[in-house]
Amino acid sequence: MNLTRTALGLCLLLPWSAAPAADDVRVYRCVASNGAVALQDKPCSNGRQEVRDLQRPRDPPPRVVSSDTPPPPPSATPAIGGREVRHVYIQPPQPMYECVSDDGRRYTSDSNEGNPRWVPLWTSIWLPHGYPGGGHPGPRPSIGGPVGRPIGGGAGYRPPTVGVGVEIPAGSVLVRDTCHALPQQEVCARLRDRRWELDRRYNSALQSERTTISTEQRGIDARLSQDCER
């Protein structure tokens, strides 16, 4: 009976000596005779011992976030090294050409076609001796020589009367003016000059002319903003 009471008293005085719960951690604190303290997970071999049952750390429960907005679709843009790749396309400036006509007049154009046009082609004819008439036949044309030339002679030019050694129309030929591209800095300067000229003409223009001037001004402003203000 006394032995049973002694064992029961020891169990009441040392509650930490019971087996730990499944989620707890048991730590033994050992104090040696020289006062050194050691913490370990097994009972002390000598010296004074203290037992502590500690609760094992636990991760918090996962957080559930509800939203009515569907997740965004995956991006189709390829990624290199975790970085987003974007492609930027820059439109080149619109070119401007300066052309020279056959009479020396200079003008600007957005195309290098050079005002293509068909003009009559004149050629020389030669009639043999014995042609009835008071004139004389012209010189015999050389083999391999030029067939003819485009119409010319300045204002008021008229083809000669058909006769001995004269020129007659032989068809048409396509001619173009000579054009060359202007540097971008010169293009912007000429656009600003043209814009200033339209502003000056607008105040004295008729109502029907102002509509045409306003349309050209909007086109020049858009071109200046795109090609000259980068």
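Scroll up to find the structure.
Residues numbered from 1 in each chain as written. Predicted model: local features only at pLDDT ≥ 70, side-chain atom pairs only at ≥ 80, totals over all residues. Heavy atoms only, no water.

Enquirer: Before we go on, may I ask you to explain the overall build of the protein chain in this structure?
Expert: A count of helical and extended segments in the protein chain gives three helices and eleven strands. When the elements of the protein chain are put in sequence order from the N terminus, they spell out α-β-β-β-β-β-β-β-β-β-β-β-α-α. Expressed as a percentage of the 230 residues in the protein chain, the buried residues total 16%. Taking contacts inside the protein chain between residues at least 6 apart in sequence as the whole, the part at least 24 apart equals 59%. A total of about 18,600 Å² of accessible surface is found on the protein chain, and carbon and sulfur atoms cover 56% of it. (Helix = DSSP H or I, 4+ residues; strand = E, 2+ residues; numbered from the N terminus. Buried < 20%, exposed > 50% of the residue type's maximum accessible area, 1.4 Å probe, protein only. Contact = heavy atoms within 4.5 Å. Areas by Shrake-Rupley, 256 points an atom, 1.4 Å probe, with all protein chains shown as cover.)

Enquirer: How should the nonpolar core be read in this particular structure?
Expert: The nonpolar side chains of a soluble globular protein tend to be buried, and buried together. The biggest cluster of nonpolar side chains holds eleven residues, and these are Met-96, Leu-182, Val-187, Cys-188, Leu-191, Leu-198, Ala-205, Ile-213, Ile-220, Leu-224 and Cys-228. Listing elements by their share of this core, those giving two or more residues are helix 2 (184–202) and helix 3 (207–227). Broken down by element, this core gets its largest block of residues, four residues, from helix 2. Setting aside residues up to four positions removed in sequence, Leu-191 forms contacts with Met-96, Ile-220, Arg-223 and Leu-224. (Core = buried A, V, L, I, M, F, W, Y, C linked by side-chain atoms within 4.5 Å.)

Enquirer: Please clarify how the side chain of Asp-227 should be interpreted in this entry.
Expert: With respect to the secondary-structure elements, Asp-227 resides in helix 3. A polar contact of 3.1 Å, which involves the side chain of Asp-227, links it to the backbone nitrogen of Gln-94. The residues touching Asp-227, leaving out its near neighbours within four places in the chain, are Pro-93, Gln-94, Gln-184 and Cys-188. (Polar contact = N/O pair within 3.5 Å; in protein donor to acceptor, adjacent residues only side chain to side chain.)

Enquirer: Hey, could you run me through helix 2 in this one?
Expert: In an α-helix, one full turn covers 3.6 residues, which means residues spaced three or four apart are oriented alike. In this model helix 2 runs 27 Å from its N-terminal to its C-terminal C-alpha over 19 residues, within 8% of the 27 Å that 1.5 Å per residue would give. Taken residue by residue, helix 2 has Val-187, Cys-188, Leu-191, Arg-195 and Leu-198 as its buried positions. One face of helix 2 carries all of its buried residues, which in axial projection span an arc of 95°. Exposed residues on helix 2 whose side chains face more than 90 degrees from its buried face are Gln-185, Asp-193 and Trp-196. Buried residues along helix 2 sit against helix 3. (Expected span 1.5 Å × (residues − 1). Arc of directions from axis to C-beta.)

Enquirer: Explain the state of the cysteines to me, please; I cannot follow it from the model alone.
Expert: A covalent bond between the sulfur atoms of two cysteines is what we call a disulfide. This model, assessed by the stated rule, comprises three disulfides. Disulfide pairing is shown between Cys-99 and Cys-179; the S-S distance is 2.0 Å. Across the S-S bond linking Cys-99 and Cys-179, the dihedral sits near 110°, which makes this disulfide right-handed. Pair noted here: Cys-99 is in strand 6 (residues 97–100) and Cys-179 is in strand 11 (residues 178–181), with a separation of 80 residues, a long-range link. Sequence-ordered numbering of the bonded cysteines in the protein chain gives a pairing of 1-2, 3-4, 5-6. (Disulfide = S-S within 2.5 Å.)

Enquirer: I would appreciate a short explanation of the sheet that holds strand 6 in the present structure.
Expert: Pairing between the strands of a sheet is mediated by backbone hydrogen bonds and can be parallel or antiparallel. The strand order across the open sheet formed by three strands is 7-6-11, and the pairing between neighbours is antiparallel. Of all strands in the sheet, those bounded by a partner on one side alone are strand 7 (106–109) and strand 11. Each strand axis lies, on average, 30° off the axis of its neighbour in the sheet, ignoring direction. For strand 6 and strand 11, the ladder comprises four bridges, and the chain directions are antiparallel. Residue pairing for strand 11: Val-100 is matched across the bridge by Thr-178. (Pairing = 2+ DSSP bridges. Axes fitted to C-alpha atoms, helices over the stretch in contact; angles between N-to-C directions.)

Enquirer: Sorry if this is basic, but what is going on with the pattern of salt bridges here?
Expert: Opposite charge on two side chains allows them to pair when their charged atoms are near. Overall, the coordinates contain 16 salt bridges when judged by the stated rule. When the shortest N-O distance is used, the salt bridge between Arg-106 and Glu-98 registers 3.6 Å. Salt bridges sharing partners connect three or more residues here, namely Arg-29, Arg-48, Glu-50 and Arg-52. (Salt bridge = Lys/Arg side-chain N within 4 Å of Asp/Glu carboxyl O.)

Enquirer: Help me out: how do you make sense of the sheet that holds strand 3 (residues 48–55) in this one?
Expert: The strand order across the open sheet built from three strands is 2-1-3, with neighbouring strands paired in antiparallel fashion. In this open sheet, the two edge strands, each paired with only one partner strand, are strand 2 (37–40) and strand 3. Adjacent strand axes in the sheet meet at a mean angle of 25° when their direction is disregarded. Here strand 1 (residues 24–31) pairs with strand 3 via eight bridges, running antiparallel. Paired with Asp-24 across the bridge in strand 3 is Gln-55.

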